[in-house]
Amino acid sequence: MNAITGAYDWLTTSANWQGEKGVWHRLAEHLYFSGVCLAVACLIALPIALYLGHIGKGGALAVNISNIGRAVPTLAVLVLLTLTPLGEHGDVPTLIALVLFAVPPLLTNAYIGMREVDRAVIEAARGMGMSGRQLFARVELPLAYPLIMTGVRSAGVQVVATATLAAMAGEGGLGRIITAGFNLQNTPQVVAGALLVALLALFVEVVLVVVGKVFDPMRGRTGVAQ
Amino acid sequence: MSGQNCLVTNDWICGEYVSSRSQELIDATVQHVGITAASVAIGVAVSLPLALLARRWRFLAGPILGVTTVLYTVPSLAMFSLLLPFFGLSAALVVTGLVLYSLTILVRNILAGLQAVPEEARDAARGMGYGPLRLLWEVELPLALPALLAGVRITTVSTVALTTVGAIVDYGGLGSLILDGLDTTFKAQVLTASALCVVLAVVADLLLLALQRWLTPWTRVRRIRTNRPARAERPAKVAEPA
């Protein structure tokens, strides 16, 4: 396979890693966009989802929003935002699109996590005299944590994928190496860029799994309970 | 000539665009539907044997589910790009990428559906002399059908959206119009094509829902039958033996 060895050559050429169009700069852009937007999306979606889950309302919203997120093409939103007056402000359309597509998995998973906490456990906590706030912080949140982190993980992967697509709408990030490769009809560069993007997505997924395990409030507890 | 004004002023909503480029829109929509339908159909055809393999040999279940999950993590643009050396700039590239994505949800759903078949149903069929193939075809698959079709609905909706990314190799259906509209800053084209994508996804979902109801009438009958008496006979339930 010429393209595979070509991609290897492309990746091992140090000139391709340096400069404004080099891998390091594109990777930094990609991580910066993804990180900021994931954080913003968490700040927006998690409080809403946790509150709605705590009071037990808005289930239809939480479920439908992820269906809508699935049906709306990312590329369409990126291009539409770029053509609005927002497009004159550089990165703003990309940042908005990234946040928009990170919100549905966060919202849906956190809400379902809160609702799926065993009703008997909640009633036991109430019976012990816990206030609403104590119930939320000491019972619901720790038990909903695994699904909340599943949401963060899918949102993270989604953000990395959307940031890649942003290159098709003329933005930076690692996707730019791919689109530039297509424009130059340089298949090895396309494959090399795609490998980098795929590895980054897997890396982000693994990191978020590890982070989720490290901060698990129930870590080590199950052993004691048994 | 107020009709042509919207093309000159580059409005978002432009009736003149839709009427003057209707053939272009129809062609793109046909391509979009074709790519989506082919991907989902091949996806089901590949997922079914994979799910059966995973069920037959437990040690294969882990690797099959693991690989399909990893495939799902790969961003769409990277997926299509990685297939470029194998398929070149072709519709086959887009369809292959979309099939690989569809496997994650389809294999999981089919497997869950098959595993949820009640053991009594299997025993009864075996007792009636059903062989393994007839058991699969006449008992297990029909009972797993609701789960399979639920997976097909999810996959179809996300495939309609993902097909747009095929624009990178010029086989993106409506996505090609969207990308083209970006290069020429043609707002009406971008908005019309984007709206058509969402309409396609919604229509496909509703059609599949109708298909699901038509193919699995028993799921509705059972729900109606158990719901009504349950409400009326609730007090009696306490007395029922466990």
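What you see is a predicted model; the values in this text were computed from it and never measured. Residue positions are counted from 1 within each chain, in the order its sequence is given. Here chains are named by letter from A upward and ligands by number from 1 upward, in the order in which they appear as written. Note on the predicted model: pLDDT of at least 70 is required for a residue's local features to be given, and 80 or more for side-chain atom pairs to be given and counted; whole-chain, interface and lining totals, by contrast, use all residues.

Helix and strand assignments follow DSSP, with helices taken as H or I runs no shorter than four residues and strands as E runs no shorter than two, numbered in order from the N terminus. Each helix and strand counted, chain B has twelve helices and zero strands in total. Reading the helices (α) and strands (β) of chain B from amino to carboxyl end gives α-α-α-α-α-α-α-α-α-α-α-α. Split into buried and exposed, the 242 residues of chain B put 38% on the buried side. By the convention adopted here, residues are in contact when the distance between their C-beta atoms, placed from the backbone, does not exceed 7 Å. If you take every contact in chain B between residues at least 6 apart in sequence, the share linking residues at least 24 apart comes to 70%. Our exposure labels follow a C-beta count within 10 Å of each residue's own C-beta, placed from the backbone: buried means 20 or more other C-beta atoms, exposed means 12 or fewer, and partly exposed covers the counts in between.

What follows covers the overall build of chain A. Secondary structure assignment for chain A yields ten helices and zero strands. When the helices and strands of chain A are read in sequence order from the N terminus, they spell out α-α-α-α-α-α-α-α-α-α. Principal-axis analysis of the C-alpha atoms gives chain A an extent of 70 × 45 × 25 Å. Within chain A, the proportion of its 226 residues that are buried is 46%. Of the contacts made within chain A by residues no fewer than 6 positions apart, 72% connect residues no fewer than 24 positions apart.

All names here are of chain B. For helices, the fitted line uses only the C-alpha atoms of the stretch in contact; every axis is such a line through C-alpha atoms, and the angle between N-to-C directions lies from 0 to 180 degrees. One can describe the packing of helix 9 (residues 174-183) onto helix 10 (residues 187-215) by two numbers: an axis separation of 8 Å at closest approach and a directional angle of 155 degrees. As the angle between them shows, helix 9 and helix 10 are arranged roughly antiparallel. Helix-helix and strand crossings are classified by hand; for helix 9 and helix 10 the assignment is left-handed. In contact with Leu 174, Leu 177, Ile 178, Asp 180, Gly 181 and Leu 182 of helix 9, helix 10 contributes Gln 189, Val 190, Ala 193, Ser 194, Leu 196 and Cys 197. A per-class count over the contact of helix 9 with helix 10 returns eight nonpolar, three polar and one charged. Note on terminology: angles under 35 degrees are roughly parallel, angles over 145 are roughly antiparallel, angles of 65 to 115 are roughly perpendicular, and the others are oblique. Left-handed is the label given to a crossing in which the near helix is rotated counterclockwise from the far helix by less than a right angle, and right-handed is the label when the rotation is clockwise. Note that Gly is not counted as nonpolar here; it falls among the polar residues with everything else outside the nonpolar set of Ala, Val, Leu, Ile, Met, Phe, Trp, Tyr, Cys and Pro and the charged set of Asp, Glu, Lys and Arg.

Taking 1.5 Å of rise per residue, the 34 residues of helix 7 (residues 132-165) of chain A would be expected to cover 50 Å, yet its terminal C-alpha atoms sit only 43 Å apart, more than 12% below that figure. The largest bend in helix 7 of chain A is about 55 degrees, located at Tyr 145 of chain A, with the proline Pro 146 of chain A one to four residues further on. To estimate the expected span of a helix, subtract one from its residue number and multiply by 1.5 Å. Fitting axes to the seven residues that end at a residue and to the seven that start at it, the angle between those axes gives the bend at that residue.

Each partner contributes residues to the interface: chain B has 32 residues there, and chain A has 33 residues. Where the side of chain B that touches chain A is concerned, the elements lending two or more residues are helix 4 (58-73), helix 5 (76-87), helix 8 (132-163), helix 9 and helix 10 of chain B. Broken down by element, the residue count for the side of chain B that touches chain A peaks at eight residues, all from helix 10 of chain B. Grouping the amino acids of the side of chain B that touches chain A by side-chain chemistry returns 22 nonpolar, nine polar and one charged.

Counting 123 residues, the largest nonpolar core has Ala 102 and Leu 106 of chain A together with Ile 178 of chain B as the members making the most contacts within it. Per-element accounting of this core gives the leading share, 14 residues, to helix 6 (residues 91-115) of chain B. Ignoring anything within four residues of it in the chain, the contact list for Ile 178 of chain B reads Leu 75, Ala 76 and Val 79 of chain A together with Thr 164, Ala 167, Val 190, Ala 193 and Ser 194 of chain B. Working definition: the nonpolar core is a set of buried Ala, Val, Leu, Ile, Met, Phe, Trp, Tyr and Cys residues, joined through C-beta atoms within 7 Å.

Turning next to helix 2 (residues 23-55) of chain A. Residues and elements named next belong to chain A. With 33 residues, helix 2 should cover 48 Å at 1.5 Å per step; its first-to-last C-alpha distance of 47 Å lies within 8% of that length. The sharpest bend along helix 2 reaches about 25 degrees and sits at Ala 45, with the proline Pro 47 one to four residues further on. Phi turns positive, to about 75 degrees, at Gly 56, one or two residues after helix 2.

The next thing to look at is the environment of Ala 15 of chain A. Residue and element names in this part refer to chain A. With respect to the helices and strands, Ala 15 occurs in the loop between helix 1 (2-12) and helix 2. Using a count of 8 C-beta atoms within 10 Å as the deciding quantity, one classes Ala 15 as exposed. Between the alpha carbons of Ala 15 and Phe 182 there is a distance of 19 Å; along the sequence they are 167 residues apart.

Turning our attention to unusual backbone geometry. For Gln 185 of chain A, which is not glycine, the phi dihedral falls at a positive 55 degrees. Note that Gln 185 of chain A resides in the loop between helix 8 (175-183) and helix 9 (187-214). For Thr 185 of chain B, which is not glycine, the phi dihedral falls at a positive 40 degrees. The topology assignment puts Thr 185 of chain B in the loop between helix 9 and helix 10.

Residues and elements named next belong to chain A. Relative to each other, helix 2 and helix 5 (residues 92-115) sit at 35 degrees, their axes nearing to 7 Å. Read as a crossing pair, helix 2 and helix 5 show a hand that is right-handed. The residue makeup of the contact of helix 2 with helix 5, split by class, is 23 nonpolar, three polar and one charged.

Residues and elements named next belong to chain B. Confidence scores here are pLDDT values: one per residue, from the predictor, ranging 0 to 100. Averaged over all residues, the pLDDT of chain B equals 86, while 89% of them reach at least 70. In this model residues 226-242 is a low-confidence stretch, pLDDT under 50, and it forms zero contacts with partners more than four residues away in sequence or in other chains. The ipTM for the predicted assembly is 0.86, set against a pTM of 0.86.

Secondary-structure assignment places Arg 138 of chain A in helix 7. Once the C-alpha coordinates of Arg 138 of chain A and Pro 217 of chain A are considered, the two residues, 79 residues apart in sequence, prove to be 9.6 Å apart.

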